[in-house]
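Structural description and commentary
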Amino acid sequence: MSDVKWIKIATDIFDDEKILLIESLPDAYAIIAVWFKLLCLAGKKNNGGVFLMNDKIPYTDKMLATIFHMNESTVAMALSVFEQYKMIEIVDGIITIPNWNKHQTLDAYERKKERDRLYQEERRAKQRALIGKSSEKSSDKSSDVAVSDIDIDKDIDKSIYIRAFASEKVKDAFSLYVLCREKNGDKLDHNQIKLLADGLKELSTDPEEQLSIIQKATVSNWKSFYPVTKKAEKKATRKSSKKNAFNNFEGRSYDSKEIDAIEGRLLSK
């Protein structure tokens, strides 16, 4: 079993009768230190409170003293006290902590780890199946290509850039544009769609204008988005310049007497 990173310690442990009795002994704190080191070692081994090295070799007083960086006599005395108070049991020369799993509930911890492992395996299996279906439609299939979880997530979530637009009409038009591009053989990845979305936002933040830009790009089979209002402005500018081509000079103003005189001369001819 793999080791665990924590063990449960009751907050009233120093009110326990056995600990109170130990505190009355000589070298009490050294003995208590041995007890906590034993608990931590049991959690690290995660072997049901059975002290075996590599699941084969029973730990001796000397081995524990070396691991705990303590005197062998102190460790031996502590183990003798623990055995006397039924805090440990020696079974066939092997040190054990009675009811370890009951108090630590490590079996529940292991079940949770197993559930997490199975969940991750199931999630990855679904992702592989999704990638398998996608690769079957692609012309360049390869069974040797490994797809990472990051690539899968990017392929699944590339529509997030479309969903970022507030207008439902803009979302639908953008999706239709992408669909038309892919129908024409242009497979757009998430980076390309992000660039298109960012470009559209730079061209305009007005939903109506964004909709016009997307619709124009769709019907024109454009590879990107272009402003549609600038063309209209250029046409209006060209029309205006043509209309005033012969009106570049300031006209002379006439008063009423001059106008009457000009009319008289024209009528006399």
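You'll find the structure just up there.
This section reports on the structure supplied with the text.

Reading the values: rules and limits
Position numbers for residues count from 1 along each chain, tracking the sequence in the order it is written. Where totals are concerned, whole chains, interfaces and linings use all residues; where local detail is concerned, this predicted model gives features only for residues with pLDDT of at least 70, and gives and counts side-chain atom pairs only at 80 or more. Side-chain metrics rest on all non-hydrogen atoms present in the structure, leaving aside hydrogens and water. Each helix is a run of DSSP H or I of at least 4 residues and each strand a run of E of at least 2, with the numbering of both proceeding from the N terminus. Here's how the labels work: a residue is buried when its accessible area is under 20% of the maximum for its type, exposed when over 50%, partly exposed in between, all with a 1.4 Å probe on protein chains only. Residue contacts are defined here by distance: any two heavy atoms, one from each residue, within 4.5 Å place the two residues in contact. Here the accessible surface of atoms and residues is derived via Shrake-Rupley with a 1.4 Å probe, and residues count as covered only by protein chains that are part of the display. We call a set of buried Ala, Val, Leu, Ile, Met, Phe, Trp, Tyr and Cys residues a nonpolar core when their side-chain atoms join them within 4.5 Å. For helices, the fitted axis covers only the stretch in contact; all axes are lines through C-alpha atoms, and the angles between them, taken along N-to-C directions, range from 0 to 180 degrees. Here is the rule for angles: anything less than 35 degrees is roughly parallel, anything more than 145 is roughly antiparallel, 65 through 115 is roughly perpendicular, and the remaining ranges are oblique. Whether a crossing is left-handed or right-handed is set by the direction in which the near helix is turned from the far one by less than a right angle, anticlockwise for left-handed and clockwise for right-handed. Under the convention adopted here, Pro, Cys and the residues Ala, Val, Leu, Ile, Met, Phe, Trp and Tyr are nonpolar, Asp, Glu, Lys and Arg are charged, and Gly plus all remaining residues are polar. Any Lys or Arg side-chain nitrogen located within 4 Å of an Asp or Glu carboxyl oxygen qualifies as a salt bridge. Centres within 6.5 Å are what make two rings of Phe, Tyr or Trp a pair, Trp counting through its six-membered ring; a difference in plane orientation under 30 degrees is then read as stacked, over 60 as edge-to-face, and the rest as tilted. The criterion for a charge sitting over a ring is simple: Lys NZ or Arg CZ within 6 Å of the ring centre, and within 35 degrees of the ring normal.

1. A short note on the overall build of the chain
When you go through the chain residue by residue, the secondary structure sums to 13 helices and 4 strands. The buried share among the 269 residues of the chain stands at 26%. In the chain, once contacts between residues fewer than 6 apart in sequence are set aside, the share between residues at least 24 apart is 57%. When the accessible surface of the chain is split by element, carbon and sulfur atoms take 53% of a total near 19300 Å².

2. Structural notes on the nonpolar core
Membership of the largest hydrophobic core comes to 28 residues, with the highest contact counts inside it found for I22, W35, L38, F51, L64, L79 and F82. If you list the elements that add at least two residues to this core, you get helix 1 (17-23), helix 2 (28-45), helix 3 (61-68) and helix 4 (72-84). Tallying contributions element by element places helix 2 first for this core, with 8 residues. Within the second largest apolar cluster, 18 residues are counted, among which are V170, A197, L200 and W222.

3. As for the packing of helix 9 (residues 168-183) against helix 11 (residues 207-219)
Between helix 9 and helix 11, the shortest axis-to-axis distance is 9 Å and the interhelical angle comes to 15 degrees. Overall, the two elements helix 9 and helix 11 adopt an arrangement that is roughly parallel. Helix 11 is crossed by helix 9, and the crossing has left-handed handedness. Between helix 9 and helix 11, the residues in contact are K169, V170, A173, F174, Y177 and C180 and P207, Q210, L211, I214, A217 and T218, respectively. Within the contact of helix 9 with helix 11, the residues separate by chemical class into 9 nonpolar, 2 polar and 1 charged.

4. Considerations on the pattern of salt bridges
Counted according to the given criterion, the structure contains 4 salt bridges. Its salt-bridge partner being D186, residue K223 comes within 2.5 Å of it at the nearest N-O pair. With K223 in the loop between helix 11 and helix 12 (229-243) and D186 in the loop between helix 9 and helix 10 (190-203), the pair connects residues that are 37 residues apart, well separated along the chain. Connected through shared salt-bridge partners, R181, D186 and K223 make up one network.

5. Here's the deal with the packing of aromatic side chains
Summed over the entire model, instances satisfying the criterion amount to 6 aromatic pairs. Seen from their ring centres, F165 and F174 are 5.7 Å apart, and the 40 degrees between their planes marks the pair as tilted. F174 matches F165 in its accessibility class, with the two residues each being buried. Ring geometry for W222 against Y226: centres 5.3 Å apart, planes inclined by 85 degrees, an arrangement best described as edge-to-face. Within the aromatic cluster, the residues linked to one another by ring pairs are F165, F174, Y177 and F225. Residue placement shows K201 over the ring face of F165; its charged tip is 5.2 Å from the ring centre.

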